[in-house]
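# Fold and geometry: a report
Each chain, letter by letter, is given below.
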Amino acid sequence: MATRIDKEACREAYNLVRDDTTDINWAAFKYDGSMIVPAGHGVDYADFKSLCTDDVRLFGFVRITTGDAMSKRAKFTLITWIGENVSGLQRAKISTDKTLVKDVVQNFAKEFMVSDIRELEEDYIRNELKKAGGANYDAQAE
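The notes below deal with the structure included here. For clarity, every value in this text was computed on a predicted model and none was experimentally measured.

Along the chain, Ala46 falls in helix 2 (residues 45-51). When the C-alpha atoms of Ala46 and Glu121 are compared, they prove to be 9.1 Å apart, with 75 residues separating the residues in sequence.

Shown next, in the form of structure tokens:
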């Protein structure tokens, strides 16, 4: 059966992360049978990481604050998590299913496809977003 997405519910979770007036900084989207649905959202990145277990595949939309001593700004990333115990067929489908997610999650600075929990470390994601952002004028970091 072809994968579908609950666009309304997923867009609502996406908008919560993008909204500067909320503290929500991540939203996850999981498979419920052949439907992609919201898996949760929150303010603690560790809660998002706890959803990324060896037997699941999911998508995460995450807000990370970057910048230097003079200016802080929000950067967004799309994370595709594929657990180590996910079957080959499900792994293969995730790349085509991601297009459904990208119909909802349209604005992000960098995309990650991850199957190793160490690559989900918040500092690693933040540093990769800084690199993707171009010039870094933070003299204190040198």
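Another point: the packing of aromatic side chains. Using the criterion set out here, one finds 6 aromatic pairs in the structure. Aromatic rings pair up to connect Tyr14, Phe61 and Phe76 into one cluster. Looking at Arg18, its charged tip hangs above the ring of Phe76, at a distance of 4.6 Å from the centre. Above the plane of the ring of Phe112 lies Lys110, whose end atom (NZ or CZ) is 5.6 Å from the centre.

This paragraph deals with the nonpolar core. Soluble globular proteins tend to pack their nonpolar side chains together in the buried interior. In this structure, Phe29, Ile36, Phe59, Phe61, Val101 and Val105 are the most contacted members of the largest nonpolar core, which totals 20 residues. In terms of residue count, the dominant contributor to this core is helix 1 (residues 7-18) (4 residues). Grouped together as the second largest cluster of nonpolar side chains are 15 residues, Phe48, Cys52, Trp81 and Leu120 included.

Moving on, we come to the state of the cysteines. Applying the stated criterion to the full structure yields 0 disulfides. No disulfide involves Cys10; its nearest neighbouring cysteine sulfur is the one of Cys52, lying 16 Å away. Accessibility expressed as a relative area gives 1% for Cys10, which makes it buried. With a relative accessible area of 7%, Cys52 lands in the buried category.

A separate point is the environment of Val114. Position of Val114 among the secondary structure elements: in strand 6 (residues 110-114). Its relative accessible area of 1% is what places Val114 among the buried residues. Sequence separation between Val114 and Lys93 is 21 residues; the distance between their C-alpha atoms is 15 Å. Residue contacts for Val114: discarding those within four places in its chain leaves Ile79, Thr80, Trp81, Ile82, Glu119 and Leu120.

Analysis parameters
Residues numbered from 1 in each chain as written. Predicted model: local features only at pLDDT ≥ 70, side-chain atom pairs only at ≥ 80, totals over all residues. Heavy atoms only, no water. Helix = DSSP H or I, 4+ residues; strand = E, 2+ residues; numbered from the N terminus. Phe/Tyr/Trp six-rings, centres within 6.5 Å; stacked < 30°, edge-to-face > 60°. Lys NZ or Arg CZ within 6 Å of the ring centre and 35° of its normal. Core = buried A, V, L, I, M, F, W, Y, C linked by side-chain atoms within 4.5 Å. Buried < 20%, exposed > 50% of the residue type's maximum accessible area, 1.4 Å probe, protein only. Disulfide = S-S within 2.5 Å. Contact = heavy atoms within 4.5 Å.

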